[in-house]
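Understanding the architecture of this molecule
Each chain, written out:
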Amino acid sequence: MIITISITSFIVGFVFGALVTRNNVDEVNKIVEDAQDLAEKAQAELAEYKAKQKKTTKSRAKKTVK
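Residues numbered from 1 in each chain as written. Predicted model: local features only at pLDDT ≥ 70, side-chain atom pairs only at ≥ 80, totals over all residues. Heavy atoms only, no water.

1. Some thoughts on the overall build of the chain
Just so we agree on the cut-off: In DSSP terms, a helix is any run of H or I states spanning at least four residues, a strand is any run of E spanning at least two, and both are numbered starting from the N terminus. Here's how the labels work: a residue is buried when its accessible area is under 20% of the maximum for its type, exposed when over 50%, partly exposed in between, all with a 1.4 Å probe on protein chains only. Method for areas: the Shrake-Rupley scheme with a 1.4 Å probe, in which residue coverage is limited to the protein chains shown.
The helix and strand inventory of the chain stands at two helices and zero strands. For the chain, with 66 residues in total, the buried portion stands at 0%. Summing over all exposed atoms, the chain offers an accessible surface of approximately 7,100 Å²; the carbon and sulfur share of this is 62%.

Listed below in structure tokens is the structure:
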């Protein structure tokens, strides 16, 4: 009995989710495009930040006193 209820609720949830997504395809596509744009901007900013953080200083070794 419990297995039948679980399978039925899964199928109903799947169908309901598919119907909701189908009705909101335009909104979902817009959200995906916005997310891709933000990811591209984040990658560009990360590359810029890494370029600024590169150290060009010389390593300084301690001199021993004899």
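2. Quick look at a nonpolar patch on the surface
Stated formally: Patch criteria: residues need more than 30% relative accessible area and no salt bridge. Like-charged residues are merged within 9 Å; nonpolar side chains of Val, Leu, Ile, Met, Phe, Trp and Tyr are merged within 5 Å. What makes a salt bridge here is a side-chain nitrogen of Lys or Arg within 4 Å of a carboxyl oxygen of Asp or Glu, nothing more.
Taken together, the side chains of Ile3, Ile7, Phe10, Ile11, Phe14, Val15 and Leu19 present a nonpolar region at the surface, about 750 Å² in accessible area. Relative to the assigned elements, isoleucine 11 resides in helix H1 (residues 2–23).

3. Structural notes on the pattern of salt bridges
Across all of its chains, the model carries one salt bridge by this definition. Measuring nitrogen to oxygen at the nearest pair gives 3.6 Å for the salt bridge that ties glutamate 48 to lysine 52. With glutamate 48 and lysine 52 both in helix H2 (residues 25–53) and four residues apart, this pair spans about one turn of that helix. Under the relative-accessibility criterion, glutamate 48 is labelled partly exposed at 46%. Given a relative accessible area of 62%, lysine 52 falls into the exposed group.

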